[in-house]
Amino acid sequence: MTISITSRLKGQHYINGQWQGEPNGFNSFNPVSNSQIEWPFASANPAQIAQATKAAQQAFSSYRNKSDSERAAFLRQIADNIEADREAIVAAANQETGLPLARLEGETGRTCGQLRLFAQNLLTPIEQYIADMAQPERQPLPKPDTRLGKVALGPVAVFGASNFPLAFSTAGGDTASALAAGCPVIVKGHPAHPATSELVTQAIDKAIKACDMPAGVFNLLQGHTPEVSTGLIDAAEIKAVGFTGSLKVGRILADRCAARAEPIPFYGELGSTNPQFLLPGILADKAETLAETQVQSMMMGHGQFCTSPGVIVAIKGEALGRYCDRLSQTLAEQAAGAMLTPGIAATYQQQVETLLGHGQITLLAQGKAAEASHHTRPTALKVNAAHYLADQALQQEVFGPFALLVVCDDAEQMQTVADQLEGQLTATIHGQASDWAHAHSLVDAISQRVGRLIFNQMPTGVEVCHSMNHGGPYPASTDSRSTSVGSMAIHRFLRPICYQNMPSELLPEALRDGQTHLQRF
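Residues numbered from 1 in each chain as written. Predicted model: local features only at pLDDT ≥ 70, side-chain atom pairs only at ≥ 80, totals over all residues. Heavy atoms only, no water.

Quick question: what am I supposed to make of the overall build of the chain here?
Looking only at helices and strands, one finds 16 helices and 22 strands in the chain. Radius of gyration (C-alpha) of the chain: 25 Å, near the 24 Å computed for a compact globule of 521 residues. For the chain, the spread of C-alpha atoms along the three principal axes comes to 75 × 70 × 40 Å. Looking at the chain as a whole, 55% of its 521 residues are labelled buried. Expressed as a percentage of contacts within the chain between residues at least 6 apart in sequence, the contacts between residues at least 24 apart total 77%. Looking at the chain as shown, the accessible area adds up to about 21,200 Å², and 52% of this sits on carbon and sulfur atoms. Of the charged side chains in the chain, 37 are positive and 47 negative, and the gap between their average positions amounts to 5 Å. (Helix = DSSP H or I, 4+ residues; strand = E, 2+ residues; numbered from the N terminus. Rg over C-alpha atoms; globule rule 2.2 N^0.38 Å. Buried < 20%, exposed > 50% of the residue type's maximum accessible area, 1.4 Å probe, protein only. Contact = heavy atoms within 4.5 Å. Areas by Shrake-Rupley, 256 points an atom, 1.4 Å probe, with all protein chains shown as cover. Lys, Arg positive; Asp, Glu negative; His and termini not counted. Charge placed at Lys NZ, Arg CZ, Asp CG, Glu CD.)

As structure tokens, this is what we get:
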């Protein structure tokens, strides 16, 4: 498969329907072998960034006026093309990320499912449109006819994610929702998987041609320097940004979006510790099972899920002792392994080393020793709740196979931990019937700090559906009102517009009288 992938790669940018640029900027990297892959790629310069953003702007007028059925057909064609090239795409992603083939097969299916979900929603909307009917006889002033619609924002910049080379990258949820909204997209490919990005772009290119879409509706810029990212955000044509990545980089880009002459929305999903609250009743009955599922969840993708359970909160006692014993036994069986990039691995190793040197933190358990310098060892640490509450730095995410057990003296202290949580993508409450009578204040506090509150289930994995919310209060995301997963993600790239006394023949079709989804008042 390596030979067939190599022969297909151009190593160039995809701008306005054309491949261009010299593939001499950087190379793909295999994190498992810790070695460079002989797949060279171009790194975008200011002229190419300007060309891509202008192409997207030129495509905007045509694309936003495509019918819902035309955009739906386009999204479905992209999905069909990705599935037709699944073998090569998965093989490239496997070499560039080290993620297992089965995981990448599943992620490919999710990527195509997202595209088809937005296509289906375009054809059969799940939301009502609102019309307030005119009342010309109303006193003292007549009431006009007003109808609430939505219009696309404009070209959107999407930043690929390191840990999801398909579902959160080139044709992932941000791209799918922006295209569904009527917005052209410029993807800044992640340098950790440029070959995967190019192969997916080839599938999009075929769909653009097959569906007669404007050439600039999708553009791919490859690059490995910060200047590519900042140059893209600074472009006047860009009207919104979708980002999945670290808090540090996300905050830099968010501040840059806000500092523009025309500030634009930055939809950043920046990570989370996803705390697990173990209530006394279920801990007494199922301590061993809870410990095993904790390890299973934190080891998924070697801990490189944005919803990996990185904090455990429980009350001290005999049941917690059993939980710790089983967690230690299970974690000791887990192998060290490579992470997505050498940089991510180095950051993990540094964070764990720093925490181990913290005077109030003790080692609870570790996995098998690393066999190579670029491998990371699964680790669980323990701290009492008083010290956790006193040191805000302990709430920072450790991206990788890691968990911190916070030991509370009693239910009151567990409540205090919940009250002082930073914003999270998710939190889980594990409990049973005997626990619920005393859980109301805990539920209330956690609800103020998460985008998704889960009961008796580990957080790893996100269901792509209408009711999903993947976001949360800062620092989990930069806009707690939005989601990056599920059909509601489209609203990030639309803005409301009210049409007042507009002639029927000029109204958008969805707002005309007689439409199924028009709610009249």
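Structure's up, so let's keep going.
Please clarify how helix α4 (residues 86–97) should be interpreted in this entry.
Compared with an ideal rise of 1.5 Å per residue, which puts 12 residues at 16 Å, α4 spans 16 Å between its outermost C-alpha atoms and is within 8% of the ideal. α4 sits mainly inside the fold: nine of its 12 residues count as buried. Buried within α4 are the following residues: Ala-88, Ile-89, Val-90, Ala-91, Ala-92, Ala-93, Gln-95, Glu-96 and Thr-97. Within two residues after α4, Gly-98 carries a phi angle of roughly 75°, on the positive side. (Expected span 1.5 Å × (residues − 1).)

It is not clear to me how the sheet that holds strand β22 (residues 518–520) should be interpreted in this structure. Could you clarify?
Each strand in a sheet pairs with its neighbour through backbone hydrogen bonds, running either in the same direction (parallel) or in the opposite one (antiparallel). Spatially, the four strands line up as an open sheet ordered β21-β6-β5-β22, and their pairing is mixed. The outermost strands of the open sheet, each flanked by one partner alone, are β21 (494–500) and β22. Neighbour-to-neighbour, the strand axes of the sheet open up by a mean angle of 35°, direction not taken into account. When strand β5 (residues 129–132) meets strand β6 (residues 146–152), the two strands line up antiparallel, connected through three bridges. Bridged to Ala-131 within β6 is Arg-147. (Pairing = 2+ DSSP bridges. Axes fitted to C-alpha atoms, helices over the stretch in contact; angles between N-to-C directions.)

Before we go on, may I ask you to explain unusual backbone geometry in this structure?
If a residue is not glycine, its phi is most likely negative; likewise, a peptide bond is most likely trans. Along the chain, Gln-139 connects to Pro-140 via a cis peptide bond; the corresponding omega equals 10°. As for its placement among the helices and strands, Pro-140 is situated in the loop between β5 and β6. Omega for the bond connecting Tyr-474 with Pro-475 falls within 30 degrees of zero, at 10°, which places this linkage in the cis form. Within the secondary structure, Pro-475 is located in the loop between β20 (450–455) and β21. In this structure, Asn-16 is a non-glycine residue whose phi angle is positive, near 55°. For Asn-16, the position within the fold is in the loop between β1 (13–15) and β2 (18–20).

What is the right way to look at the side chain of Lys-66 in this model?
Tracing the chain through its elements places Lys-66 in the loop between α2 (46–64) and α3 (68–84). Every residue in contact with Lys-66, bar those within four places of it in the chain, is listed here: Arg-71, Asp-212, Met-213 and Pro-214.

What should I look at first to understand the nonpolar core in this one?
Side chains of a nonpolar character, in soluble globular proteins, are inclined to be buried together. Formed by 56 residues in total, the largest nonpolar core has its most connected members in Phe-74, Ile-78, Ile-82 and Phe-218. If one sorts the elements of this core by residue count, helix α7 (residues 194–210) sits on top with seven residues. Leu-104, Ile-315, Ala-345 and Ala-445 belong to the second largest nonpolar core, which has 38 residues in total. (Core = buried A, V, L, I, M, F, W, Y, C linked by side-chain atoms within 4.5 Å.)

Explain the packing of aromatic side chains to me, please; I cannot follow it from the model alone.
Both the distance between ring centres and the angle between the ring planes are used here to describe each pair of aromatic rings. Scanning the entire structure with this criterion turns up 10 aromatic pairs. Here the aromatic rings of Trp-436 and Phe-455 are separated by 5.7 Å at their centres, their planes lie at 75°, and the arrangement is edge-to-face. Taken together, the residues span a long stretch of sequence, with Trp-436 in helix α15 (residues 433–436) and Phe-455 in strand β20 at a distance of 19 residues. For Phe-455, a relative accessible area of 37% puts it in the partly exposed group. Clustering of aromatic rings is evident, with ring pairs tying together Tyr-14, Trp-19 and Phe-218. Positioned above the aromatic ring of Phe-164, the side-chain terminus of Arg-103 is 4.6 Å from the ring centre. The ring of Tyr-129 has Lys-150 sitting right over it, with the charged end atom 5.9 Å from the ring centre. (Phe/Tyr/Trp six-rings, centres within 6.5 Å; stacked < 30°, edge-to-face > 60°. Lys NZ or Arg CZ within 6 Å of the ring centre and 35° of its normal.)

For this particular structure, what's the right way to read the pattern of salt bridges?
Pairing between side chains of opposite charge can happen when their charged atoms approach one another. The tally for this structure, following the rule as stated, stands at 23 salt bridges. When the shortest N-O distance is used, the salt bridge between Asp-68 and Arg-71 registers 3.1 Å. Of this pair, Asp-68 and Arg-71 are both found in helix α3, three residues apart, which corresponds to roughly one turn of the helix. Across the salt bridge formed by Asp-145 and Arg-147, the nearest N and O atoms sit 2.9 Å from each other. Both residues of the pair, Asp-145 and Arg-147, count as buried. Three or more residues are tied together by salt bridges with common partners; here these are Asp-80, Glu-83, Arg-86, Glu-105 and Arg-116. (Salt bridge = Lys/Arg side-chain N within 4 Å of Asp/Glu carboxyl O.)

Before we go on, may I ask you to explain the pairing of β5 in this structure?
Side chains on a regular strand alternate between the two faces of the sheet. In terms of strand pairing, β5 meets β22 through three bridges, oriented parallel. Counted as the bridge partner of Tyr-129 is Leu-518 from β22.

Help me out: how do you make sense of the sheet that holds strand β19 (residues 424–430) in this one?
Reading across from one edge, β15-β17-β18-β13-β12-β19-β20 is the order of the seven strands in this open sheet, with mixed pairing throughout. This sheet does not close on itself; its edge strands, each paired only once, are β15 (362–366) and β20. On average, adjacent strands in this sheet sit at an angle of 20° to one another, irrespective of strand direction. Both β19 and β20 contribute to a ladder of five bridges, which runs parallel. Bridge pairing in β20 places Thr-426 opposite Arg-452. This element, helix α11 (residues 318–332), spans β12 (276–278), β13 (311–315), β15, β17 (379–384) and β18 (402–408) of the sheet and lies at about 50° to β15. Where helix α16 (residues 440–447) meets the sheet, its contacts fall on β12, β19 and β20, and the angle it forms with β20 comes to roughly 150°.

Would you mind going over the environment of Pro-191 with me for this structure?
Examined against the element boundaries, Pro-191 turns out to sit in the loop between β8 (185–188) and α7. Accessibility expressed as a relative area gives 28% for Pro-191, which makes it partly exposed. Through-space distance from the C-alpha of Pro-191 to that of Phe-60 is 27 Å; in sequence the pair is 131 residues apart.

What am I meant to see in the state of the cysteines here?
What we call a disulfide is simply a covalent bond connecting the sulfur atoms of a pair of cysteines. Considering all chains together, one arrives at zero disulfides under this definition. Its sulfur unpaired, Cys-211 is 14 Å from the next cysteine sulfur, which belongs to Cys-112. Free cysteine Cys-465: the closest other cysteine sulfur is in Cys-306, separated by 15 Å. (Disulfide = S-S within 2.5 Å.)

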